[in-house]
Amino acid sequence: MTGNFEHKIDAKGRLFIPSSLRDELGKEFHVTISFENCLNAFSGDGWVHFEENVKAMKLSERHKMRPFFSNASKCVLDSQGRILIPQNLRDRIGLKKDVTIVGAGAFVQIWDSEVFKRIDALETTPDNLAKVMDELDF
């Protein structure tokens, strides 16, 4: 999933999902916290893959993934292409009104726009991009 889209959360906590991402996420998908200060949205298949990776972990290690499951919410698109982001998830990462939705390959990230602008400015400098390409051996 790719792209960068700016939208607003309405007073009821609903967020419009761009049509190109809706096609890939599907009508129902899971949203959960991230190790970054954003939310991650996984398609149905993506969530199953996430669960399978956790099931493959040692039983004694699975507890480390508890925050991702306990903070997960199944989201269903309404007829206008919106999802309701639960208040606890909005509060956890400080989503107020302006939101940036970012395609991140196998999933989508949902950021507070101001937070994303700061991170994007740091990550997209020519020096940082060159460093990443070197680290990944591209």
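Scroll up a little and you will see the structure.
Throughout what follows, the structure given in this document is the object of discussion.

1. Quick notes on the overall build of the chain
A tally of helices and strands in the chain yields six helices and eight strands. Ordered by position in the sequence, the α and β elements of the chain form the string β-β-α-β-β-α-α-β-β-α-β-β-α-α. If you line up the chain on its principal axes, its C-alpha atoms span 45 × 40 × 25 Å. Classification of the 138 residues of the chain by burial places 37% in the buried group. Counted over contacts in the chain with a minimum sequence separation of 6, partners at least 24 positions apart contribute 58%. As displayed, the chain offers around 8,400 Å² of accessible surface, 54% of which is attributable to carbon and sulfur atoms. Computing the positive centroid from 19 side-chain charges and the negative centroid from 21, the chain places the two 9 Å apart.

2. Quick notes on the pairing of strand β7 (residues 98–103)
Burial of β7 is extensive: five of the six residues sit out of reach of the surface. Pairing analysis gives five bridges linking strand β1 (residues 4–8) to β7, with the strands arranged antiparallel. Paired with histidine 7 across the bridge in β7 is valine 99. When β7 meets strand β8 (residues 108–112), the two strands line up antiparallel, connected through five bridges. Looking at the pairing, isoleucine 101 lines up with isoleucine 110 of β8. Linking β7 back to β8 in an antiparallel pair, the connection comprises four residues, with glycine 105 at a positive phi of about 85°.

3. As for the pairing of strand β3 (residues 28–33)
Taking burial as the measure, the six residues of β3 include five buried ones, the bulk of the element. Pairing analysis gives four bridges linking β3 to strand β5 (residues 73–76), with the strands arranged antiparallel. Each bridged residue has a counterpart across the sheet, and for glutamate 28 the counterpart in β5 is valine 76. In this sheet, strand β4 (residues 39–42) lies alongside β3 in antiparallel orientation, the contact comprising four bridges. Each residue of the ladder has a partner; that of histidine 30, found in β4, is phenylalanine 42.

4. Comments concerning the side chain of histidine 30
Its place among the elements puts histidine 30 in strand β3. Overall, histidine 30 belongs to the buried group, its relative accessible area being 17%. Each residue touching histidine 30, except ones within four places of it in the same chain, is listed here: Asn40, Ala41, Phe42, Trp47, Ser73 and Lys74.

5. A few points about the nonpolar core
Residues Leu15, Ile17, Phe29, Leu39, Ile83 and Ile85 are the most contacted members of the largest nonpolar core, which totals 28 residues. Elements with a minimum of two residues in this core: α1 (19–25), β3, β4, α2 (44–55), α4 (87–93), β7 and β8. Leucine 39 has contacts with Val31, Thr32, Ile33, Ile85, Leu89, Ile93, Leu95, Val108, Gln109 and Ile110, leaving out every residue within four places of it along the chain. Counting five residues, the second-largest nonpolar core is a separate cluster that includes Cys38, Trp111, Val115 and Phe116.

Quick notes on the rules
Throughout this document, residue positions are counted from 1 along each chain, in the order its sequence is written. Only residues with pLDDT of 70 or above have their local features reported here, since the model is predicted, and side-chain atom pairs are shown and tallied only from 80 upward, although totals for entire chains, interfaces and linings are computed over all residues. Excluding hydrogens and water, the side-chain figures rest on all heavy atoms present in the structure. For helices the rule is a DSSP run of H or I covering at least 4 residues; for strands it is a run of E covering at least 2, with both sets numbered from the N terminus onward. Think of it in three bands: residues with accessible area under 20% of the maximum for their type are buried, residues over 50% are exposed, and the middle band is partly exposed, with areas taken using a 1.4 Å probe on protein chains only. Residues are treated as being in contact if the distance between any of their heavy atoms lies within 4.5 Å. Exposure was quantified through the Shrake-Rupley algorithm and a 1.4 Å probe, taking into account, for residues, occlusion by the shown protein chains and nothing else. We score Asp and Glu as negative and Lys and Arg as positive, and we do not count His or the chain ends. Each charge is placed at NZ for Lys, CZ for Arg, CG for Asp and CD for Glu. The pairing criterion is simple: DSSP has to find at least two bridges between the two strands. Residues belong to a common nonpolar core when they are buried Ala, Val, Leu, Ile, Met, Phe, Trp, Tyr or Cys residues joined through side-chain atoms within 4.5 Å.

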